[in-house]
Amino acid sequence: MRGCTKEDVSYLDRRFSKKVRDNVHGNIYLDPLSLKFVDTEEFQRLRDLKQLGLTYMVYPGAVHSRFEHSLGVFSLAGEAVHRIKAQQGSELGIDNLDIQTVKLAGLLHDVGHGPFSHMFEHEFLHRISHGIKWRHEDMSVRMIDHIVDFHHIDIDAECLKKAKEMVIASTEHVSHRSVNEKHFLYDIVANGRNGIDVDKFDYIVRDSRACGLGCSFQIERLMDSMRVMGDEICYRDKDYLTIFKLFSSRADLHRTVYTHAKVKAIELMFVDSLIKADDYLQISSKIQDPAEFWKIDDSILKTIEVSHEQELKEARDLILRIRKRDLYQFCNEFSVPKDKLQHFKDITPQDIVCSQGNGDITLKEEDVAVCNVKIDLTRGRSNPLEK
């Protein structure tokens, strides 16, 4: 019996599933095929990737992992497709192959994520890769292939292909889908059309709870009302406010947690540390090979910190400064008015240095770090609720 099947297996038949207790969603049941992926060293690596990277140095409770988040998205993805099937299954032709595929996409969507959350690709690799574009979604697809090949996982080829397409469904690769039918299935895990997906459902609630913040967004309300119309997942008009809370809660997390001044200072320092350590540790040389990439996790920090190698001294000194709370100092911020955005480009350290007035201290470019942060409702200046 192959991994994905169209046999009529009841959702409630959990005799062959493994139960995991999650502190957000309660019991999560892993089916046999999903377990084959979970019980690999590549997926278990996610236990050693903190969901919010270095944020725990400011919010001590933010120590949850990509492993927990991936199980949560797996659970919500399964719940979403099952609810749609219960309401419209015969009309939409949803079968067990579809259900398994969506669940796998939810489980594996972050398996190619780098260490220290998005800092690794957006800050470290951006500065060191000299224009090479690298995204964790693309690495997730390559990692899925690596896991299947290396561990000889028996899985239906169509199931595997569609699961990988669902993982990158919110990127520009969206047009590369193999089929046009059941388009709505591609919007469950990573929604490129309007940004409403179970990935956000999970991390918004999970991150808010870990950081001790309140969250007014209600997952259950949206899960209960989703229906497919015109091959797209839709919601009742009276859930307009709930959907707005999804996007506003995400924006609030960016303002108060993800871009907190101290969090950004620590991230900038650690990026500088990684850059100084890269020649010796060869971190960036492993980003193209899944067989090597899965070995990189958050333990890099401790590796640098405890090393006695002279080649890592500068990197080690920066981490020591972080430990002693001798952080880069926050100087100032400027919020660009919405009506002026089109006239602003990303500010550089050179811009700051060139604009300084006469004084006793003259700053050089290497003295300044600039963070250009854009916080919106996922659609730039457009309102996602229009879709």
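An account of the accompanying structure is given in this report. (Residues numbered from 1 in each chain as written. Predicted model: local features only at pLDDT ≥ 70, side-chain atom pairs only at ≥ 80, totals over all residues. Heavy atoms only, no water.)

## Overview of the packing of helix H3 (residues 66-92) against helix H8 (residues 198-210)
Note the following rule: Helix axes are fitted to C-alpha atoms over the stretch in contact, other axes to C-alpha atoms as well, and angles between N-to-C directions run from 0 to 180 degrees. Numbering of helices and strands starts at the N terminus; helices are DSSP runs of H or I of at least 4 residues and strands are runs of E of at least 2. Roughly parallel means an angle under 35 degrees; roughly antiparallel, over 145; roughly perpendicular, 65 to 115; everything else is oblique. Left-handed describes a crossing whose near helix is turned anticlockwise from the far helix through less than a right angle; right-handed describes the clockwise counterpart. Pairs of residues are marked as contacts when any of their non-hydrogen atoms sit within 4.5 Å. Polarity classes work like this: nonpolar for Ala, Val, Leu, Ile, Met, Phe, Trp, Tyr, Cys and Pro, charged for Asp, Glu, Lys and Arg, and polar for all others, with Gly in that last group.
Running from N to C, H3 and H8 point in directions that differ by 130°, and their axes come no closer than 9 Å. Taken together, the axis directions place H3 and H8 in an arrangement best described as oblique. When the axes of H3 and H8 are compared, the crossing they make is right-handed. Of the residues in H8, those in contact with Glu68, His69, Gly72, Val73, Leu76, Ala77 and Ala80 of H3 are Val198, Asp199, Phe201, Asp202, Tyr203 and Arg206. A class-by-class count of the residues in the contact of H3 with H8 yields 7 nonpolar, 2 polar and 4 charged.

## So, the environment of Leu33
Rules: Three exposure classes are used, based on accessible area relative to the maximum for each residue type with a 1.4 Å probe and protein chains only: buried under 20%, partly exposed in between, and exposed over 50%.
If you trace the backbone, Leu33 turns up in helix H1 (residues 32-38). A relative accessible area of 4% places Leu33 in the buried class. C-alpha of Leu33 to C-alpha of Ser17: the two residues are 16 residues apart in sequence and 9.5 Å apart in space.

## A closer look at helix H6 (residues 136-150)
Keep this limit in mind: A helix is expected to reach a length of 1.5 Å times the quantity of its residues less one.
In a regular helix each residue adds 1.5 Å, so 15 residues correspond to 21 Å; H6 covers 20 Å between its end C-alpha atoms and thus fits that length. Regarding H6, the residues found buried are His136, Glu137, Met139, Ser140, Val141, Met143, Ile144, His146, Ile147 and Val148. Two residues or fewer after H6 comes His152, characterised by a positive phi angle close to 55°.

## Quick word on H8
The terminal C-alpha atoms of H8, which comprises 13 residues, lie 18 Å apart, in line with the 18 Å expected from a rise of 1.5 Å per residue. Counting buried residues in H8 gives 12 out of 13 residues, a clear majority hidden from the surface. Of all the positions in H8, only Val198, Asp199, Lys200, Phe201, Asp202, Tyr203, Ile204, Val205, Arg206, Asp207, Ser208 and Ala210 are classed as buried. Residues of H8 that are buried make contact with strand S1 (18-22), H3, helix H9 (219-225) and helix H10 (240-258). Gly212 occupies a position one or two residues after H8 and carries a positive phi of about 75°.

## Points about the pairing of S1
Filter applied, for reference: When DSSP finds two or more bridges between a pair of strands, those strands are recorded as paired.
The sheet contact formed by S1 and strand S2 (residues 26-30) spans 5 bridges and is antiparallel. Within S2, the position partnered with Asp22 by the bridge is Gly26. Between the end of S1 and the start of S2, which pair antiparallel, lie 3 residues.

Function cannot be read off these values alone, since they describe shape.
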